[in-house]
Amino acid sequence: MRQYDDNYRHKGLRMQLVKLLREKGITDEDVLKAIEQIPRHFFLDSAFDKIAYEDRAFPIGEGQTISQPYTVAYQTQLLQIKRNEKVLEIGTGSVYQATILAEMGARVFTIERQKKLYELNKNFILRNRYPNIKFFYGDGFEGLPTYAPFDKILITAAAPFIPPKLVQQLKTGGYMVIPVDEGSAQRMLRLTKMPTGELHEEAFDQFSFVPMLGGKNG
Ligand code: SAH
């Protein structure tokens, strides 16, 4: 069951969450504004209502999780989103991250490999407010060649390697933000596609994501 009442308590908890994210080092005001706007509890079962604004990941079914708000903010900040940019997201999950991108004015193309999550979440409650999110059921390793190239690509699962087809679908000068496996954790990388086609790599902190798996499920 879900509960779609956004009251003053929820809004207050979001303001506290934004304060915490600032303390943890998030500085992009557009990212913080989006987190303050979006009711994260709408993306979770009502059993999580009281804790939806804690800085934690939570289960969303099918063994998957909604990312921790700090992780969402961190990845989004690295992407440096500008209005109207075309953004490919791998791993729709709860749609929370996609909604943050859409609130910032991006045109979001999001892919999910779990059929059940795709079916459930493409009809999420805020779909009329965010017609700039397009949902796809498929394998993120393949990307969306029909809609390429993308200004930005975001991977929200632990990638075993940098998927070559996604590099092809990235614009020159575009960013890919991707957590790449290093055994027990993943290193957050920001890759910039150079005019030569080569990738310029910047490495950031370590995170822990659910795995990016090949093929579709369901
Ligand atoms: N962005 C999500 C986080 C979801 S967790 C959110 O805001 O809630 C990662 C998601 O990636 C899971 O739903 C998982 O099923 C999906 N996933 C894993 N491998 C994938 C792949 N190859 N293609 C598409 N989705 C994938």
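Quick look at the structure, then. (Residues numbered from 1 in each chain as written. Predicted model: local features only at pLDDT ≥ 70, side-chain atom pairs only at ≥ 80, totals over all residues. Heavy atoms only, no water.)

Direction of pairing for strand S6 (residues 150-155) relative to strand S7 (residues 170-181): parallel, over a ladder of 4 bridges. Directly across from Leu154, in S7, lies its bridge partner Val177. Here 7 bridges tie S7 to strand S8 (residues 186-193), and the two strands are oriented antiparallel to one another. Bridging across to S8, Val177 finds its partner in Arg190. Following S7, the chain reverses through 4 residues before pairing antiparallel with S8; Gly183 in that reversal takes a positive phi of roughly 95 degrees. (Pairing = 2+ DSSP bridges. Helix = DSSP H or I, 4+ residues; strand = E, 2+ residues; numbered from the N terminus.)

Most of helix H4 (residues 96-103) is tucked away: 7 of the 8 residues are buried. Tyr96, Gln97, Ala98, Thr99, Ile100, Leu101 and Ala102 are the residues of H4 that are buried. Remark: Gly105 follows H4 within two positions and exhibits a positive phi of approximately 95 degrees. (Buried < 20%, exposed > 50% of the residue type's maximum accessible area, 1.4 Å probe, protein only.)

For the largest pocket, the calculated volume is near 480 Å³. Lining the largest pocket we find 35 residues, and of these Gln64, Gly91, Thr156, Ala157 and Val210 sit closest to its centre. For the lining of the largest pocket, the elements supplying multiple residues, two or more each, are strand S2 (64-66), helix H3 (69-79), strand S3 (86-90), H4 and strand S4 (107-112). Looking at the lining of the largest pocket element by element, the count peaks at 3 residues for S2. (1 Å grid on protein atoms, 1.4 Å probe; cavity = no way out; pocket = protein on both sides within 12 Å on 5 of 7 lines; lining within 4 Å. Points joined across faces, edges and corners; volume = space filled by probe spheres on them.)

This part is about the packing of aromatic side chains. Counting across every chain of the model gives 15 aromatic pairs. Relative to Phe124, the ring of Phe43 has its centre 6.1 Å away and its plane inclined at 40 degrees; by these criteria the two rings are tilted. Residue Phe43 is found in the loop between helix H2 (29-37) and strand S1 (58-61), and its partner Phe124 is found in the loop between helix H5 (115-121) and strand S5 (133-137); the two are separated by 81 residues along the sequence. An aromatic cluster is defined as three or more aromatic residues linked by ring pairs; in this entry it consists of Phe43, Tyr96, Phe124 and Phe135. Directly above the ring of Tyr70 sits Lys24, whose terminal nitrogen or CZ lies 5.4 Å from the centroid. (Phe/Tyr/Trp six-rings, centres within 6.5 Å; stacked < 30°, edge-to-face > 60°. Lys NZ or Arg CZ within 6 Å of the ring centre and 35° of its normal.)

As far as function goes, none of this settles anything; it's purely spatial.
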